[in-house]
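# Fold and contact review
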Amino acid sequence: MSAPIIEKIPSAGTNTDTKKVFVKTYGCQMNVYDSQRMADALAKDGYVETSSMDDADMVLLNTCHIREKAAEKVYSEIGRIRMVREEKRANGGDLMIGVAGCVAQAEGKEIIKRAPAVDFVIGPTTYHRLGEVVAKAKTGKKVVETEYAVEDKFEHLPAPAKKVMMSRGVTSFLTVQEGCDKFCTFCVVPYTRGSEVSRPVSQIMDEAKRLVDAGVREITLLGQNVNAWHGAGGDDREWGLGELLYKLAEIDGLKRLRYVTSHPRDMDDALIEAHRDLSMLMPYLHLPVQSGSDKILKAMNRKHTGDDYRKLIDRIRSARPDIALSGDFIVGFPGETDEDFEDTMQIVRDVTHAAAYSFKYSTRPGTPGADMPNQVPEDVKSERLQRLQALLTQQQKDFMQSLVGKNMDVLIEKPGREAGQIVGRSPWLQPVICHESVGEVGDIVNVKISQVMVNSLVSDTIATKLGQ
Ligand code: SAM
Ligand code: SF4
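Right, let's walk through the structure included here. (Residues numbered from 1 in each chain as written. Chains lettered and ligands numbered in written order. Predicted model: local features only at pLDDT ≥ 70, side-chain atom pairs only at ≥ 80, totals over all residues. Heavy atoms only, no water.)

### Section: the overall build of the protein chain
Scanning the protein chain from terminus to terminus reveals 15 helices and 22 strands. Rg of the C-alpha trace for the protein chain: 23 Å, near the compact-globule value of 23 Å for 468 residues, within the 12% margin. If one aligns the C-alpha atoms of the protein chain with their principal axes, the spans along those axes are about 60 × 60 × 60 Å. Among the 468 residues that make up the protein chain, the fraction classed as buried is 57%. Sequence-distant contacts in the protein chain: of pairs separated by 6 or more residues, those separated by 24 or more amount to 71%. By element, 49% of the accessible surface of the protein chain is carried by carbon and sulfur atoms, the whole surface being about 20,300 Å². On the protein chain, the mean spot of the 61 positive side-chain charges and the mean spot of the 67 negative ones are 3 Å from each other. (Helix = DSSP H or I, 4+ residues; strand = E, 2+ residues; numbered from the N terminus. Rg over C-alpha atoms; globule rule 2.2 N^0.38 Å. Buried < 20%, exposed > 50% of the residue type's maximum accessible area, 1.4 Å probe, protein only. Contact = heavy atoms within 4.5 Å. Areas by Shrake-Rupley, 256 points an atom, 1.4 Å probe, with all protein chains shown as cover. Lys, Arg positive; Asp, Glu negative; His and termini not counted. Charge placed at Lys NZ, Arg CZ, Asp CG, Glu CD.)

### A closer look at the sheet that holds strand S15 (residues 284–286)
Two pairing modes exist for strands in a sheet, parallel and antiparallel, and in both the strands are linked by backbone hydrogen bonds. The parallel open sheet is built from three strands, whose spatial order is S15-S16-S17. Only two strands of the sheet have a single partner each, and these edge strands are S15 and strand S17 (355–360). Shown here is a sheet whose adjacent strand axes are inclined to one another by a mean of 10 degrees, direction ignored. Taken together, the six bridges between strand S16 (residues 324–331) and S17 define a ladder with parallel strand orientation. Across the sheet, residue Asp-328 finds its bridge partner in S17, namely Tyr-357. Together, S16 and S17 form the strand contacts of helix H15 (residues 378–402), whose direction differs from that of S17 by roughly 175 degrees. (Pairing = 2+ DSSP bridges. Axes fitted to C-alpha atoms, helices over the stretch in contact; angles between N-to-C directions.)

### Overview of the packing of helix H10 (residues 241–248) against helix H11 (residues 269–277)
Their axes nearest at 7 Å, the elements H10 and H11 cross at an angle of 30 degrees. Considered as vectors, H10 and H11 are oriented roughly parallel to each other. Of the residues in H11, those touching H10 at Leu-241, Gly-242, Leu-245 and Tyr-246 are Ala-270, Leu-271, Glu-273, Ala-274 and Asp-277. (Parallel < 35°, antiparallel > 145°, perpendicular 65-115°, else oblique.)

### Structural notes on the site of ligand 1
The environment of ligand 1 is made up of 18 residues, and the closest members are Gln-224, Gln-290, Arg-302, Asp-328 and Ser-362. Asp-328 places a side-chain nitrogen or oxygen 2.6 Å from an oxygen atom of ligand 1. Contact with the protein chains covers 95% of the free accessible surface of ligand 1, which is 570 Å². Residue classes in the shell around ligand 1 are distributed as seven nonpolar, six polar and five charged. (Near = heavy atom within 4 Å. Polar contact = N/O pair within 3.5 Å; in protein donor to acceptor, adjacent residues only side chain to side chain. Nonpolar A, V, L, I, M, F, W, Y, C, P; charged D, E, K, R; others polar.)

### Structural notes on the pattern of salt bridges
For the structure shown, the criterion picks out 39 salt bridges. With its nearest N and O atoms 3.4 Å apart, the salt bridge here joins Lys-24 to Glu-77. Placement of Lys-24 in strand S2 (residues 19–25) and of Glu-77 in helix H2 (residues 68–90) is noted, with a sequence separation of 53 residues between them. Each of Arg-37, Asp-40, Glu-49, Arg-168, Arg-199 and Glu-207 takes part in salt bridges that share partners, so that together they form one network. (Salt bridge = Lys/Arg side-chain N within 4 Å of Asp/Glu carboxyl O.)

### Regarding unusual backbone geometry
Here the bond from Val-260 into Thr-261 is cis, since omega is 0 degrees, no more than 30 degrees from zero. With respect to the element layout, Thr-261 can be found in the loop between strand S14 (256–260) and H11.

### Some points on the pairing of strand S21 (residues 444–452)
Taken together, the five bridges between strand S18 (residues 407–415) and S21 define a ladder with antiparallel strand orientation. Across the sheet, Asp-409 pairs through a bridge with Asn-446, a residue of S21. Bridge count for S21 against strand S22 (residues 457–459) is three bridges, and the pairing is antiparallel. By the bridge assignment, Val-452 is partnered in S22 with Leu-457. What sits between the antiparallel neighbours S21 and S22 is a turn of four residues.

### A closer look at the side chain of Glu-207
You can see Glu-207 is positioned in helix H9 (residues 201–213). Polar side-chain contacts of Glu-207 include one of 2.7 Å to the side chain of Tyr-33. Apart from the residues within four sequence positions on either side, Glu-207 is in contact with Tyr-33, Arg-37, Leu-174 and Arg-199.

### A few points about the site of ligand 2
The immediate surroundings of ligand 2 are formed by Cys-180, Lys-182, Phe-183, Cys-184, Phe-186, Cys-187, Val-189, Pro-190, Asn-225, His-263 and Arg-302. Broken down by class, the residue content of the shell around ligand 2 amounts to seven nonpolar, two polar and two charged.

Now the structure itself:
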């Protein structure tokens, strides 16, 4: 859930009264999905996406507030955009600047105070009102739209045109759940994204079918706490994520399913059974534990212990023996001693990961962690992070190395960087470089892995060794 992503959405389609929007996305996959939905909303008003700020009429920053650095990046970017706007104005043009996402929600009108160049600010629950917000901002008013919407945002957001969906590739995100009620003491999400909301089954199925009809072969269900999803199934019962996955698996043409990000407390039996029964549910699970110390887990309000997590992993692995794990870790949470940190190192050694994200604890104003005593000095956090990352990197290398000589199914996603290559995705999310003759984008092909590169695998369909 937390891989830092900065992504520009590719341009898609044209319109008679063409205006261009450049959307820049910070943070998690949920923001990537939201950026697409905002672009869909703007398409109604004649905007098409551009991948360059220079030819844009509007820049929309979809921001992340999870750590201090992520939020600060936004302000330096606004400064840069203001310069571009001044240049445009000097040449008779203009550029509208909008800030969306979690910084928008958390800071609201403070953004306009600190960065008066911004024309509008819009929070994540009101993206369906983006058109109205832009129209108001065009009259010269500064607009701040961060009130939680009572109406269902997803009901009101327009579906993208089929050709737009087709331009976005064969894998897609689909948000099924937003917000969080867990209130981990380090985390801003319950404040920026609001309380937990699950979309109903019918809405999710409709969107999934539209995506598959446009050529999508792999769907990743998204939620800040995706495995807490519990939606109206249309049969007077509340469904859980496990049941939803079985239903999605019935869609003709859909080949792969994933979901992210999960909380250990919400891994119920039905979900574990879905991993056992559904071969199209990829054997890769991002299940953050954050710390291995029971004392720190308690202070974080995670409501489980290190051993609860170990037992859970054992159950998941017995259901699906080829499953690989990924996680998030925070080092230097207030009160973390050398011993507590050692417990984190131990849980990493015990569980073993195919990939993981690890962070220094970042104080977030307004969260309980910010006021806790015994904040850990920066140099101690840095040293611990370095040791943890060395261990996690080694585990990732070992995992990738273990795939050499094995055959695996790969979903072909796009042409490779070099002529004659095509790149796909392994069941465990690594890019796999193949010879273009193996198949076409959207195909699932079975290839043998012959070599490991830093972050990707090379199949034996590539005769020459790459990067050497
Ligand atoms: N819902 C997921 C869970 O319960 O594990 C996590 C989602 S959160 C948006 C993504 C990750 O950011 C967290 O797992 C955590 O490791 C990291 N994170 C959140 N707040 C943080 C903070 N204040 N400092 C450092 N890392 C933080
Ligand atoms: Fe943040 Fe905890 Fe909710 Fe995850 S479960 S989003 S870490 S409050």
